[in-house]
Amino acid sequence: MVSVQQNPLARSQQAWRECSAHPWVLSTVTKGYRLQFAGKPPPFNGVIASVAKGDSARVLETEISSLLEKRAIRRVPVGETQKGYYSRYFLIPKKDGGLRPTLDLRVLNKHLRKYKFRMLTVAALTRAIRRDDWFTAIDLKDAYFHISIYPAHRKYLRFSFQSEVYEFVTLPFGLSLAPRVFTKCMETALSPLRRRGLRIYAYLDDYLICAHSRERAERDTEMLTSHLMNLGFRINYAKSQLIPSREIKYLGLRIDSVAYRTMLSERRIIAFYQCLALFRLGNLVSFRTCLRLLGMMASLLAVVPLGLLKMRDFQRWVAARGLCSCRHLTRRVRIHEECVAALRQWRDPSLLRTGVPLGGVSLRKVVTTNASLSGWGAVFQGRSVNGRWTPQLGELYINMLELMAVFLALKHFLPFLEGFHVLVRTDNTTVVAYINRQGGTRSLQLHNLARKLIVWSAAHFSSLRATHVPGVLNMGADLLSRGNPLYGEWVLHPQVMDQIWGIYGRAAVDLFASRENAKCPLYFSLRDENAPLGVDALAHPWPNVLLYAFPPLSLISPTLERVRENALSLLLIAPHWPGRPWLAEIVQLLQGEPWPLPLRRDLLSQAGGKNFHPQPERVNLWVWHMKG
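What you see is a predicted model, and the numbers here were worked out from it, not measured in a lab.

Right, let's get into the overall build of the protein. On a plain count of helices and strands, the protein comes out with 21 helices and 30 strands. Expected size for 628 residues packed as a compact globule is a radius of gyration near 25 Å; at 27 Å, the protein falls within 12% of this value. Taken over the C-alpha atoms alone, the protein extends approximately 80 × 70 × 50 Å along its principal axes. Every one of the 628 residues in the protein was classed for burial, and the buried ones make up 50%. Relative to all contacts within the protein whose residues are 6 or more apart in sequence, the contacts with residues 24 or more apart total 72%. Separation of charge centres in the protein, based on 84 positive and 46 negative side chains, amounts to 6 Å.

This brings us to the pattern of salt bridges. Enumeration according to the criterion identifies 16 salt bridges in this entry. The residue R254 makes a salt bridge to E247 at a minimum N-O spacing of 3.4 Å. With a closest N to O distance of 2.9 Å, R451 and D313 form a salt bridge. You can see R451 sitting in helix 16 (residues 444-460) and its partner D313 sitting in helix 11 (residues 307-319), a full 138 residues away along the chain. Classification of R451 by relative accessible area gives partly exposed; the value is 22%. Judged by its relative accessible area of 26%, D313 falls in the partly exposed class.

Judged by pairing direction, the sheet is mixed, and its four strands sit side by side in the order 1-6-7-2 without closing on themselves. Of all the strands in the sheet, just strand 1 (49-50) and strand 2 (73-75) have a single pairing partner and so form its edges. Direction of pairing for strand 1 relative to strand 6 (residues 158-161): parallel, over a ladder of two bridges. For A49, the partnering residue across the bridge sits in strand 6 and is S160.

In this fold, H227 is placed in helix 8 (residues 214-230). Here H227 is in contact with C19, A189, P192 and L193, once residues within four sequence places are set aside.

So, on to the side chain of D510. Inspection of the secondary structure puts D510 in strand 23 (residues 509-513). The buried charged residue D510 lacks any salt bridge, with K519 as its nearest oppositely charged partner at 7.0 Å. Within the local environment of D510, its side chain forms a polar contact with the backbone nitrogen of K519, the two atoms lying 3.0 Å apart. Here D510 is in contact with N517, A518, K519, C520, L522, Y523, F524 and Y548, once residues within four sequence places are set aside.

The biggest cluster of nonpolar side chains holds 58 residues, and the ones touching the most others in it are L175, Y207, L228 and F233. If you tally residues by element for this core, the top one is helix 7 (residues 178-195), at eight residues. Not counting chain neighbours up to four residues away, the residues in contact with L175 comprise Y33, L35, L105, L108, N109, L112 and L157. Judged by nonpolar contacts, the second largest core, of 48 residues, contains Y201, L264, F279 and L300.

Here we come to helix 13 (residues 398-412). Since one α-helical turn is 3.6 residues long, residues separated by three or four positions face the same way. In this model, helix 13 (15 residues) spans 21 Å end to end at C-alpha, consistent with the 21 Å of a helix rising 1.5 Å per residue. Counting buried residues along helix 13, eleven of its 15 residues qualify, which places the element largely inside the surrounding structure.

Quick look at the pairing of strand 5 (residues 134-139) now. The buried fraction of strand 5 amounts to six of the six residues, a majority that puts the element mostly inside the structure. Alternating positions in strand 5 separate into two faces, W134, T136 and I138 on one and F135, A137 and D139 on the other, with burial throughout. As defined by bridge partners, strand 5 adjoins strand 9 (residues 206-211) across six bridges and the pair is classed as antiparallel. Counterpart to F135 in the pairing with strand 9 is C210. Here two bridges tie strand 5 to strand 10 (residues 241-245), and the two strands are oriented antiparallel to one another. By the bridge assignment, A137 is partnered in strand 10 with Q241.

Here we take up the sheet that holds strand 20 (residues 421-426). Strand order in the open sheet made by the five strands is 19-18-17-20-21, with mixed pairing throughout. Edge strands, defined here as strands with exactly one partner in the open sheet, are strand 19 (383-388) and strand 21 (463-468). On average, each strand axis in the sheet is inclined to that of its neighbour by 20°, with strand direction left out of account. By the bridge criterion, four bridges tie strand 17 (residues 364-371) to strand 18 (residues 375-380) in an arrangement that is antiparallel. Bridging across to strand 18, T368 finds its partner in V379. Set on the sheet, helix 13 makes contact with strand 17, strand 18, strand 19, strand 20 and strand 21; between it and strand 17 the angle comes to about 140°. Strands strand 20 and strand 21 of the sheet are contacted by helix 15 (residues 429-436), whose axis makes an angle of about 155° with strand 21.

As a further point, take unusual backbone geometry. Non-glycine residue R71 carries a positive phi angle of around 60°. You can see R71 is positioned in the loop between helix 4 (54-69) and strand 2.

Another point: the environment of G307. Note on placement: G307 falls in helix 11. You can call G307 buried: its relative accessible area is 1%. Considered as a pair, G307 and L352 are 45 residues apart in the sequence and their alpha carbons are 9.5 Å apart. Setting aside residues up to four positions removed in sequence, G307 forms contacts with L301, W346 and Q438.

Turning our attention to a nonpolar patch on the surface. On the surface, M229, Y237 and L242 cluster together into a nonpolar patch covering about 290 Å² of accessible area. For M229, the position within the fold is in helix 8. Judged by its relative accessible area of 46%, M229 falls in the partly exposed class.

All right, on to the packing of helix 15 against helix 16 then. Put simply, helix 15 and helix 16 touch, their axes get as near as 9 Å, and they point 55° apart. One way to sum up the angle between helix 15 and helix 16 is to call them oblique. Remark: the crossing between helix 15 and helix 16 carries right-handed chirality. Residues T430, Y434 and I435 of helix 15 pack against L446, H447, A450, L453 and I454 of helix 16. For the contact of helix 15 with helix 16, the class distribution of residues is six nonpolar, two polar and no charged.

Calculation rules
Residues numbered from 1 in each chain as written. Predicted model: local features only at pLDDT ≥ 70, side-chain atom pairs only at ≥ 80, totals over all residues. Heavy atoms only, no water. Helix = DSSP H or I, 4+ residues; strand = E, 2+ residues; numbered from the N terminus. Rg over C-alpha atoms; globule rule 2.2 N^0.38 Å. Buried < 20%, exposed > 50% of the residue type's maximum accessible area, 1.4 Å probe, protein only. Contact = heavy atoms within 4.5 Å. Lys, Arg positive; Asp, Glu negative; His and termini not counted. Charge placed at Lys NZ, Arg CZ, Asp CG, Glu CD. Salt bridge = Lys/Arg side-chain N within 4 Å of Asp/Glu carboxyl O. Pairing = 2+ DSSP bridges. Polar contact = N/O pair within 3.5 Å; in protein donor to acceptor, adjacent residues only side chain to side chain. Core = buried A, V, L, I, M, F, W, Y, C linked by side-chain atoms within 4.5 Å. Expected span 1.5 Å × (residues − 1). Axes fitted to C-alpha atoms, helices over the stretch in contact; angles between N-to-C directions. Patch = residues over 30% accessible without salt bridge, like charges linked within 9 Å, V, L, I, M, F, W, Y side chains within 5 Å. Areas by Shrake-Rupley, 256 points an atom, 1.4 Å probe, with all protein chains shown as cover. Parallel < 35°, antiparallel > 145°, perpendicular 65-115°, else oblique. Left-handed = near helix turned anticlockwise from the far one by under 90°. Nonpolar A, V, L, I, M, F, W, Y, C, P; charged D, E, K, R; others polar.

So, in structure tokens, the structure goes:
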């Protein structure tokens with residue numbers, strides 16, 4: 001029996017305790033991961049043999065030998081083989097023409113719980129890069145194999161080949177919860193460094209270090225490498241880039257902080273065009289290949305200008321085949337002219353090599369629009385415009401009229417919006433979706449109008465986004481009827497606010513507020529047009545006074561960027577969540593000691609104190625005094 005204590009992470013449990021590891025994480029790295037079953041574990045289904053012949057058998061033999069050498073699996077004694085759960089090992093073709101051994105855990109995965117968890121996205125990464133950043137990258141060796149499986153649960157990860165029975169003693173690829181388990185452990189591992197101001201962006205076993213100077217990048221890289229090894233992780237030096245550079249390849253991207261753009265790596269471009277080449281007029285391709293091309297498109301969207309819009313026609317063509325991804329993967333599909341036309345834009349050699357600008361949005365212009373069956377109206381920074389529909393237009397359904405109102409408003413205010421990031425506020429959720437998702441597949445008429453709007457906007461604005469603003473925000477029960485209360489609407493208890501003012505001094509301006517939760521007489525509102533300083537703080541310059549902000553989570557990074565660029569002073573209310581990369585940005589701007597808000601049942605409320613946050617301890621709010 002392979003002991004959990006032989007695992008390098010388990011032997012480093014004191015170092016994990018010093019990371020203030022969550023009890024679940026500490027238990028996982030020291031005692032092994034307990035499979036999180038949704039109900040009873042699956043029953044014994046017999047010893048299912050994995051079958052392979054010829055070259056396939058040799059590939060599988062090599063894989064098993066490698067796993068045994070890495071102590072990722074063990075041989076099961078003969079007397080223990082008639083229990084547990086068996087899955088098949090099989091081989092699938094690799095892109096380079098070889099074969100990849102894969103343990104088929106699809107049936108076992110159905111017995112496991114389903115959790116949502118957050119992983120680093122390309123969009124979030126590109127927003128976090130600063131101009132002239134220096135980069136290094138660290139890769140772990142056999143990442144999942146660092147996590148042991150709880151000994152009593154190893155029997156559910158068995159397979160049989162050539163009359164031998166094996167079981168995984170470490171976290172296997174193919175287990176549906178494996179990415180979540182590894183990510184949660186790594187968030188804990190990286191938290192002490194982020195609390196010290198290291199800007200580390202993690203995607204499973206790949207880590208990008210960003211720093212403002214070459215010297216800082218070298219120091220941070222050495223610190224991260226030493227820290228990971230102290231926790232028991234093994235570094236893959238062959239795949240790591242330890243020499244700082246202002247251009248780096250990471251997650252299939254080429255990131256350039258001098259040109260301040262990110263583009264796809266040449267390898268990903270070649271792989272995409274190899275798949276696209278199969279879609280020639282008259283060719284027959286499997287439905288699986290159609291879905292693969294769609295998936296490749298989806299993975300490129302963040303770095304292809306208007307990529308989602310360009311994907312819509314092919315997405316519509318695939319949906320029109322009426323095939324199911326569960327039952328029809330091998331069904332052959334003939335490529336017709338409609339498909340060729342849908343893919344024409346993607347054959348442009350410059351499309352995948354243009355890239356997109358880096359950085360986030362710290363200043364934007366806000367336009368509020370509305371429409372009815374009789375007319376439309378819009379407001380921008382105190383200016384207004386309205387109009388009436390012609391009888392023919394008045395017969396269109398309301399979603400079309402609302403989207404037309406947005407188009408007309410943007411054209412009217414174009415002299416004031418040209419070259420800026422633009423945010424449209426509307427009470428129509430369909431319009432928000434068709435703008436933010438660059439069209440859609442449900443309504444062709446609405447999609448075509450959205451296409452015209454988005455293409456026109458791309459020629460005039462730095463970006464276009466939309467947000468939903470409810471027509472009427474009722475209190476109490478109605479607030480709950482809209483779903484879970486919004487993070488940005490929580491109100492801190494007045495006594496806690498008095499304590500904050502007593503420690504740091506009273507702020508002059510509240511950046512993200514409403515009539516209900518404003519903490520300063522002067523405030524910017526997220527929704528209220530009558531706020532003293534206007535709607536949307538990111539649409540206005542900020543005065544050089546002590547500012548206060550309790551922003552929605554999505555606005556923390558833009559707020560920090562504005563503070564840093566304009567050398568402003570800010571009291572920020574934000575969660576102390578070490579797993580979030582913006583914690584390092586907060587630490588770098590700290591002016592004084594942060595203060596954890598005292599825990600009390602009524603710390604956070606909504607609807608005039610009628611609704612309380614059920615678990616304020618999980619939010620873990622702190623006050624951060626920052627100076628840019």
